[in-house]
There are 4 protein chains.
Amino acid sequence: MKIFEENESVVRSYCRSFPAVFREARGAELISTEGTHYLDFLAGAGTLNYGHNHPVLKKALIDYIQEDGITHSLDLYTTAKERFIETFNRLILNPRSMGNYRMQFTGPTGANAVEAALKLARKITGRTNILSFTNGFHGCSIGALAATGNRHHRGGAGVPLSHVSRMPYANYFGEQVNTIAMMDKMLNDPSSGVDKPAAAIVEVVQGEGGLNTASADWMRKLEKLCRKHGMLLILDDIQAGCGRTGHFFSFEDMGIRPDIVTLSKSLSGFGLPLAIVLMKEDLDQWKAGEHNGTFRGNNHAFVTATAALEHFWSDDAFSRSVRGKSRLLSERLNRIVLRHGPHSLRVKGRGMMQGIACPDGETAEAVCTRAFENGLILETCGSNAEVVKCLSPLTITKEQIDRAMDTLEEAFSAVLSEPVSSRSS
Amino acid sequence: MKIFEENESVVRSYCRSFPAVFREARGAELISTEGTHYLDFLAGAGTLNYGHNHPVLKKALIDYIQEDGITHSLDLYTTAKERFIETFNRLILNPRSMGNYRMQFTGPTGANAVEAALKLARKITGRTNILSFTNGFHGCSIGALAATGNRHHRGGAGVPLSHVSRMPYANYFGEQVNTIAMMDKMLNDPSSGVDKPAAAIVEVVQGEGGLNTASADWMRKLEKLCRKHGMLLILDDIQAGCGRTGHFFSFEDMGIRPDIVTLSKSLSGFGLPLAIVLMKEDLDQWKAGEHNGTFRGNNHAFVTATAALEHFWSDDAFSRSVRGKSRLLSERLNRIVLRHGPHSLRVKGRGMMQGIACPDGETAEAVCTRAFENGLILETCGSNAEVVKCLSPLTITKEQIDRAMDTLEEAFSAVLSEPVSSRSS
Amino acid sequence: MKIFEENESVVRSYCRSFPAVFREARGAELISTEGTHYLDFLAGAGTLNYGHNHPVLKKALIDYIQEDGITHSLDLYTTAKERFIETFNRLILNPRSMGNYRMQFTGPTGANAVEAALKLARKITGRTNILSFTNGFHGCSIGALAATGNRHHRGGAGVPLSHVSRMPYANYFGEQVNTIAMMDKMLNDPSSGVDKPAAAIVEVVQGEGGLNTASADWMRKLEKLCRKHGMLLILDDIQAGCGRTGHFFSFEDMGIRPDIVTLSKSLSGFGLPLAIVLMKEDLDQWKAGEHNGTFRGNNHAFVTATAALEHFWSDDAFSRSVRGKSRLLSERLNRIVLRHGPHSLRVKGRGMMQGIACPDGETAEAVCTRAFENGLILETCGSNAEVVKCLSPLTITKEQIDRAMDTLEEAFSAVLSEPVSSRSS
Amino acid sequence: MKIFEENESVVRSYCRSFPAVFREARGAELISTEGTHYLDFLAGAGTLNYGHNHPVLKKALIDYIQEDGITHSLDLYTTAKERFIETFNRLILNPRSMGNYRMQFTGPTGANAVEAALKLARKITGRTNILSFTNGFHGCSIGALAATGNRHHRGGAGVPLSHVSRMPYANYFGEQVNTIAMMDKMLNDPSSGVDKPAAAIVEVVQGEGGLNTASADWMRKLEKLCRKHGMLLILDDIQAGCGRTGHFFSFEDMGIRPDIVTLSKSLSGFGLPLAIVLMKEDLDQWKAGEHNGTFRGNNHAFVTATAALEHFWSDDAFSRSVRGKSRLLSERLNRIVLRHGPHSLRVKGRGMMQGIACPDGETAEAVCTRAFENGLILETCGSNAEVVKCLSPLTITKEQIDRAMDTLEEAFSAVLSEPVSSRSS
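Each value, and the rule that gives it
- Residues numbered from 1 in each chain as written.
- Chains lettered and ligands numbered in written order.
- Predicted model: local features only at pLDDT ≥ 70, side-chain atom pairs only at ≥ 80, totals over all residues.
- Heavy atoms only, no water.
- UniProt positions renumbered as here; feature names shortened; annotations may be inferred.
- Helix = DSSP H or I, 4+ residues; strand = E, 2+ residues; numbered from the N terminus.
- Rg over C-alpha atoms; globule rule 2.2 N^0.38 Å.
- Contact = heavy atoms within 4.5 Å.
- Lys, Arg positive; Asp, Glu negative; His and termini not counted.
- Charge placed at Lys NZ, Arg CZ, Asp CG, Glu CD.
- Buried area = accessible area lost by both parts, 1.4 Å probe.
- Salt bridge = Lys/Arg side-chain N within 4 Å of Asp/Glu carboxyl O.
- Polar contact = N/O pair within 3.5 Å; in protein donor to acceptor, adjacent residues only side chain to side chain.
- Nonpolar A, V, L, I, M, F, W, Y, C, P; charged D, E, K, R; others polar.
- Least-squares fit on C-alpha atoms with pLDDT ≥ 70 in both.
- Pairing = 2+ DSSP bridges.
- Axes fitted to C-alpha atoms, helices over the stretch in contact; angles between N-to-C directions.
- Expected span 1.5 Å × (residues − 1).
- Phe/Tyr/Trp six-rings, centres within 6.5 Å; stacked < 30°, edge-to-face > 60°.
- Buried < 20%, exposed > 50% of the residue type's maximum accessible area, 1.4 Å probe, protein only.
- Parallel < 35°, antiparallel > 145°, perpendicular 65-115°, else oblique.
- Left-handed = near helix turned anticlockwise from the far one by under 90°.
- pLDDT = per-residue confidence, 0-100.
- Domains from an automatic or database assignment.

The name given to chain A in an unreviewed UniProt entry is Diaminobutyrate--2-oxoglutarate transaminase, and the organism recorded there is Leptospirillum ferriphilum YSK. Its UniProt record gives chain A a comment under Sequence similarities (unreviewed entry), which states: "Belongs to the class-III pyridoxal-phosphate-dependent aminotransferase family." Per UniProt, the comment on chain A under Cofactor (unreviewed entry) is "pyridoxal 5'-phosphate".

Written out as structure tokens, the structure is:
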């Protein structure tokens, strides 16, 4: 690893927790240069919902490259893009009565999709303020970072982050406190000091923020609040979307219609950079080229994304299987809590983005370190990195889940039984 | 194209100028679904320096995918990344005495690299102000957009763009006016109102801004100015780098040592999203993970980038050939000017990013439209889109250049001979 | 009034509610050119705590002018300033164990004192964020306006207002909701998105915001919160200070030690512009002249301020009398509520800044209009201008209070008995 | 002076250069507690154009106070305000064909008038950017400070100062460089990065910035530039107005019609805080109370201002006398330069705001210190405090000017003849 340490910036991060060099990957497994097989419960922070190198997607991509399909062409029309648009429309939008949404292909990162969404909302409403939520994570470029809660990342901005009012997420002050009513009061009050917002940007499950979840009821009330105060509802489905919660969109069984939806991460299906902003037709008020970027048309990603849609979303089998695995994950996590920390641990999250909240970040980190030693890669999340987060590919087998859970349980058992003082910080 | 028009956001832009659907591409050629072959003098706005689907890069990529090489892994260590770092060091940095630069892999877009560079400069210096230049283009996310000059893009921000002082680029006020002395006066003057900057961000050739060029002398003076006022020199080599001007870096024969360099576009060599920030070792003051992003490790891009480095940069043959083609391009463009508008047209740019400034944007657009009808794709740039810009792959043959120039000459001839009123606006 | 209407900007406001031209004033009375006497329960929005033209202050000022005392001298040392500093120290600071506070004479307006206080807090802490509260009012210059809640005033800024996080004031969400705990949670949470603040700026009684009050307990907890999170406590005592609540400082019986205190309005005692920032000695970290302004040394104001301090604050007689009058005011207001709207009206405020909250702004305005017709000047305040606000001079006689309350009661009676539709909006 | 040093904030400034306590003042003289008489060439940084305690103004003020005239009434209509408006209209606006300007009484400081002017310009145009000039000084509240050039003051802001583009003032780059053409190029260029401004704010003579002057030609071109680009022209006449340059407005013989004019400093005539914004009738687009403040109606200041207008501006005698004294001042300053530093010194400024530029700030400071020891109070200005600034009352006698110039000449002689090393820094 010397070559990394000597030449790569100290900003590198994940590699510090998982000190191995990886060579190949298949499905839910990563394989190091030393031949060690790891179960990947990190999955590119939710980018690999269909696993590593899925054979169907892989074949589609190789075929495309072999035929000299177009890789890059800015936003020229290509056959690969055409197929993606047609397929996304047919398999995702139309069946969900979302045929009236337009697609904007932004720079191929979630942050860039968020930047575009915020710009658009401000442009449409003529307002500058954005409501974003405690523990929300929306990216690290300055526009997106202003909406992100994480102090570590905010601290790197180098300039004060502006034009965002921070609001408490669902249950932030406990289940008894109605945070929607709080927002409503502040927005109604002409002397509250909270300027009328262009939009609220929200995640249904806060992936980085600690697997906090908003109920359908809260989301519906938030949508109502948006309508009432003339602000748009931006649903950031970058991590929770693409099937992660058991449906393609994390919000699709909630009875809401976000004005703008951002997707990225698992959208290409293969781990390739791709991002998209969906907006209701009447909100498509851009001027041509007003938001642009060099890599807006990543055709390789279109190819794998299309293959993934065809393979996984032509019927509801995949969806059902994800929900089945979610239940298994839930059971195993609850068993760990029950056995090893009924008073100190807590299962959080939804669908295939669940985890265990520990009393503190040190415990969570120790668990992850121990698990890695035993071949399981998973990271922490949450305000104090106190949540051990299970984010495996959705294509994982039940056997693999069980195996990973055995490893995780062993790690909890080992960490919680050892004296605190002996743990590394 | 109905599927695009009905479903894609109106923000789409290039496709409006080149109304065809493209199916495949090889070298300097794009091929539409109708079988028409186009010479590509757009080249992904400088992303395809080695052409479309270069066989060497293509083979490397297919081999990698077939072996289940890792596609996505956040910033975990991978063999693909290791090879890239080693090769970039060996073939690019070390031979140019730049072995003391560290590499930061940002989100895989130029804008994200710029965001990181600006953050880092502000962090290091504790200052917020950035000097950026008239006609500079650095991206469309809020942090990068503040440094970008283009009013059309700035207008989409939705918030006022802050923390940047705009300065006149080389020769902006004509060759007689020393813009470095102007900056020096303002920075020296404790009551000028220009706050001491964290950095100046500059392009050696302004690709989007109109193929404006800075001389080695101006760049050296700018570097000196930076040293004198304790600000960093950020060289945005996203469009002009990777061989475009005849050297790997656009600045490498100028005798300067930028503190921070941003690269993207042609870095992967294959049109795949990849971006990197190079900073002098002592400036690598990030905290781990302080600037992050999901697609920082685009391993496919590492694979093709490494293949491109080995194939094109192991010796100086490629560099020399680029310089040879640049001379040819220059001759042909000058001939057009001489023949069709010695008083109204002007050749601008450097190396393989040259073009012809027209009296106005309408003329330039008409030329591009005519050229497209005859199988040549090229776009305009500049403040008023008045510059016809030739940005072919560097791997183009001299015969292809000649053919493209014939087409371009015909377009100029046709447009300039027709009455103004008959042109579409 | 034609001359005003034809020549003065439409921004004028109070004169619209009180359409008379005033000629002279004594104590609690304003006298119009038509000879009508009005009881002044507006008192310059709290500027005239000692009434109009108090004879003792008046004499001191005339004597000073007659002797060619210095009126203006920037911040040169003058005898008038020396006497003020000495007297303020002797009669106000020292007896309250505040001898360690330094005095900064800012531009002679409350807004300017707030600007200075915010600058200083940011300078000391190196942080940019400020916590300010719902319904808080701190002035209309851009720095102060960012901390002000009022949407009408914020809307006039012309730029987005930044660098302030808005927090709920005491009881903002009802008496059951502990807003200090909310703030603490957000400040503790490293991913809440609320950046560590330089300071919290707070009023003990929100004069413009609707006579909302904070309890001693809440203020003590706020002070503790400030200490815990390394932020300064700025107490804006511009309206509630100078005896308005029965003590010189509104907070002096609360057991807290604000880091910075702003005073203005009644500080000169005579209605003359004067403002001061008090800061604990170790926080006096200004560079010489760093915050400046032309009218920092208003010597006439020093003269009347000194006379007011000697006359009213040499012993506790004045304080006691104010508290006595406060009780009378309270009784009379409560009687109005009891008689005319036990379910719809509510007494708010503290000391000599009390009023009656009406169901809506129209009612409150109608009450004020009616009262004015009967010789009583008073204005509304609150988010929806729904609070009828009694802000008489503290030197008012009990007889005058009774008389004013009779008028006010008549106005409530008349307004509440008439059909809503007949009221002007 | 112990009482100041122990109790007043270290932010105090002028008093450091003039270590005496002043007791009384008459005309152009300040008298210390020790009985020393000083000629006042500081004059409240231009606030005392009519001298200290002018008997006519003094009498008017004492009469007003004795009759219990209203001192403070927010913006209620008063007889004092009525008289001021009528008189200002009759003697100032109408004779100058400016009868179509409306008057806004802002908070009684120049900074507050500037804040209001900037707000209004942004409100009217819907743009946020403001052009302000190198070495411009417009006040220290955050909105005004952003337009101010001085780094010492900007450094105290505590937040980055935004929404202003800095432009070179007349002759900033030397007499050969046409700074209007530079601005025009940047504003015309849709990719310059300079956003279309709401307004340009400018001083005809930069009082704090170093007595830099703009010619009538430059001002006319600036006005034209404003019209061309749809931006307002804000003329900050706070220091140069009220007769300082020999006319009431500094710009009145230049053939321009600023959209907005700010006045303060000498407006009250007596050194009392007062400020006003004049705007063309059609620009009076405020909502009632949108910009407000407690001390908008300083009636004492109205009284003295009215008396000053009647006394000095009923005919052109005063104007002519000021121009006569200006010539004397000019002669004497030029003589100093000629005798003591024809190569190193330079006379700057216009009218009764002239001074001598020294090679550096140390020399200028030494001259002022020496002059003070001999009974002459004057300060430095300019980027490096290198300009010795003569800003006496306009009512000064020629004999007093001669006496002050003798003292000044002696100071220059003494300072320039002594070895550099012996000067205090």
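Once you've had a look at it, read on.
1. Digging into the overall build of chain A
Of the regular secondary structure elements, chain A holds 14 helices and 18 strands. Compactness check: chain A gives a C-alpha radius of gyration of 21 Å against a globular reference of 22 Å for 425 residues, within 12% of the reference. The C-alpha extent of chain A, read off along each of the three principal axes, is 60 × 55 × 45 Å. Put simply, of all contacts in chain A between residues at least 6 apart along the chain, 73% involve residues at least 24 apart. In chain A, 47 side chains carry a positive charge and 47 a negative one; their mean positions are 4 Å apart.

2. Considerations on the interface of chain A and chain C
Residue-level contacts link 29 residues of chain A with 29 residues of chain C. Interface area, chain A with chain C, both sides summed: about 2,800 Å², of which 53% is carbon and sulfur. We note a salt bridge from C:Arg154 to A:Asp195, for which the minimum N-O separation is 2.7 Å. Between chain A and chain C we count 18 residue pairs in polar contact (both at pLDDT 80 or more) in total. Elements supplying a minimum of two residues to the side of chain A that touches chain C: helix 8 (151–154) and helix 9 (179–188) of chain A. Considering every element that reaches the side of chain A that touches chain C, the biggest residue donor is helix 9 of chain A, with four residues. Across the side of chain A that touches chain C, the residue classes tally to nine nonpolar, 13 polar and seven charged.

3. Quick notes on the relation of the copies chain A and chain B
Rotating chain A by 180° about the axis while translating it 0.0 Å along that axis superimposes it on chain B, leaving an RMSD of 0.0 Å. The superposition of one copy onto the other is thereby described by a two-fold rotation axis. A shared binding surface is used by both copies, with 100% of the interface residues of chain A retained as interface residues in chain B.

4. Digging into the sheet that holds strand 3 (residues 37–40) of chain A
In space, the five strands of this open sheet follow the order 16(A)-3(A)-2(A)-1(A)-4(B), with mixed pairing throughout. With one partner strand each, in any of the chains shown, strand 16 (376–377) of chain A together with strand 4 (77–78) of chain B form the two edges of the open sheet.

5. Details of the sheet that holds strand 17 (residues 379–381) of chain D
Residue and element names in this part refer to chain D. Overall, antiparallel pairing links the four strands, which are arranged 14-15-18-17 in an open sheet. Strands with a single pairing partner mark the edges of an open sheet, and in this sheet they are strand 14 (346–350) and strand 17. Going from strand to strand, the sheet's axes swing by 35° on average, the running direction of each strand aside. Across five bridges, the pairing between strand 14 and strand 15 (residues 353–357) is antiparallel. Directly across from Val 347, in strand 15, lies its bridge partner Ile 356.

6. A look at the relation of the copies chain A and chain C
Mapping chain A onto chain C is achieved by rotating through 180° and translating by 0.0 Å along the same axis, at an RMSD of 0.0 Å. Comparing interface residues between copies, 100% of those in chain A also lie at the interface in chain C; the contact surface is shared.

7. Remarks on the interface of chain A and chain B
It is common to report an interface's size as the accessible area lost on association of the parts. On the side of chain B, 102 residues touch chain A, which itself brings 102 residues to the contact. With both chains or domains summed, chain A and chain B bury close to 9,400 Å², and 61% of this area falls on carbon and sulfur atoms. Its largest share of buried area at the contact with chain B, chain A owes to A:Asp68, A:Tyr77 and A:Phe295, together 9% of the area lost on that side. Where chain A touches chain B, the interface holds six salt bridges. When the shortest N-O distance is used, the salt bridge between B:Glu8 and A:Lys81 registers 2.9 Å.

8. Description of helix 6 (residues 110–125) of chain D
Taking 1.5 Å per residue as the helical rise, helix 6 of chain D with its 16 residues ought to reach 22 Å, and the 23 Å between its terminal C-alpha atoms agrees with that figure. Count one or two residues on from helix 6 of chain D and you reach D:Gly126, which has phi positive near 70°.

9. Considerations on the packing of aromatic side chains
One pass over the full model with this rule turns up 80 aromatic pairs over all chains. Seen from their ring centres, C:Phe18 and C:Phe372 are 5.4 Å apart, and the 65° between their planes marks the pair as edge-to-face. Pair noted here: C:Phe18 is in the loop between helix 2 (14–17) and strand 1 (21–26) and C:Phe372 is in helix 13 (residues 361–373), with a separation of 354 residues, a long-range link. Comparing C:Phe18 with C:Phe372 shows no difference in burial state: the two are buried. Consider the rings of D:Tyr50 and D:Phe312, whose centres lie 4.5 Å apart with planes at 15°: the pair is stacked. Highlighted residues: D:Tyr50 in the loop between helix 3 (43–46) and helix 4 (55–66) and D:Phe312 in helix 11 (residues 299–313), separated in sequence by 262 residues.

10. A short note on helix 14 (residues 398–417) of chain A
In this model helix 14 of chain A runs 28 Å from its N-terminal to its C-terminal C-alpha over 20 residues, within 8% of the 28 Å that 1.5 Å per residue would give. If you check which residues of helix 14 of chain A are buried, you get A:Gln400, A:Ile401, A:Ala404, A:Met405, A:Thr407, A:Leu408, A:Glu409, A:Ala411, A:Phe412, A:Ala414 and A:Val415.

11. Considerations on the packing of helix 5 (residues 79–93) of chain D against helix 11 of chain D
All names here are of chain D. Taken N-terminus to C-terminus, the directions of helix 5 and helix 11 make an angle of 30°; their axes are 9 Å apart at the nearest point. In this view, helix 5 runs roughly parallel relative to helix 11, as classed from their interaxial angle. Two packed elements cross with a definite hand, and for helix 5 against helix 11 that hand is left-handed. Contact residues: Ala 80, Lys 81, Arg 83, Phe 84, Thr 87, Phe 88, Arg 90, Leu 91 and Ile 92 in helix 5; Asn 299, Phe 302, Val 303, Ala 305, Thr 306, Leu 309, Glu 310 and Trp 313 in helix 11.

12. Looking at the confidence of the model for chain A
Looking at chain A, pLDDT values average 97 and 98% of them are 70 or higher. Scored as a complex, the prediction yields pTM 0.97 and ipTM 0.97.

13. Notes on the environment of B:Ala113
Residue and element names in this part refer to chain B. On the secondary structure map, Ala 113 appears in helix 6 (residues 110–125). Under the relative-accessibility criterion, Ala 113 is labelled buried at 0%. Residues Ala 113 and Glu 290, spaced 177 residues apart in sequence, show a C-alpha to C-alpha distance of 14 Å. With sequence-adjacent residues up to four places away left out, Ala 113 is seen in contact with Thr 106, Thr 262, Ala 275, Ile 276 and Val 277.

14. Details of the packing of helix 4 of chain D against helix 11 of chain D
Residues and elements named next belong to chain D. Across the interface, helix 4 lies against helix 11 with an axial gap of 9 Å and an inter-helix angle of 140°. Seen from above, helix 4 lies across helix 11 with right-handed handedness. When helix 4 is examined against helix 11, the residues Val 56, Leu 57, Ala 60, Leu 61, Tyr 64 and Ile 65 are found in contact with a partner set consisting of Asn 299, His 300, Val 303, Thr 304, Ala 307, Ala 308, His 311 and Phe 312.

15. Focus on the pairing of strand 6 (residues 129–133) of chain B
All names here are of chain B. Of all five residues in strand 6, five are buried; the element is thus mostly enclosed. Burial of strand 6 is two-sided: the residues Asn 129, Leu 131 and Phe 133 facing one way and the residues Ile 130 and Ser 132 facing the other way are all buried. Examined bridge by bridge, strand 6 and strand 8 (residues 197–202) share four bridges and lie parallel to one another. Residue pairing in the sheet places Ile 130 in a bridge with Ala 199 of strand 8. Pairing of strand 6 with strand 7 (residues 164–167) involves four bridges; the strand directions are parallel. Across the sheet, Leu 131 pairs through a bridge with Ser 165, a residue of strand 7.

16. Points about the domain arrangement of chain A
All names here are of chain A. In terms of domains, chain A is made up of domain 1 (2–54 + 316–422) and domain 2 (58–312). In this structure, domain 1 and domain 2 have C-alpha centres spaced 25 Å apart. With 33 residues of domain 1 at the contact, the number on the domain 2 side is 32 residues. Together, the buried faces of domain 1 and domain 2 total about 2,600 Å²; carbon and sulfur atoms form 53% of this surface. Its largest share of buried area at the contact with domain 2, domain 1 owes to Tyr 50, Arg 350 and Met 353, together 30% of the area lost on that side. For the pair domain 1 and domain 2, the interface holds one salt bridge. Across the pair Glu 208 and Lys 389 runs a salt bridge, and its minimum N-O distance is 3.1 Å.

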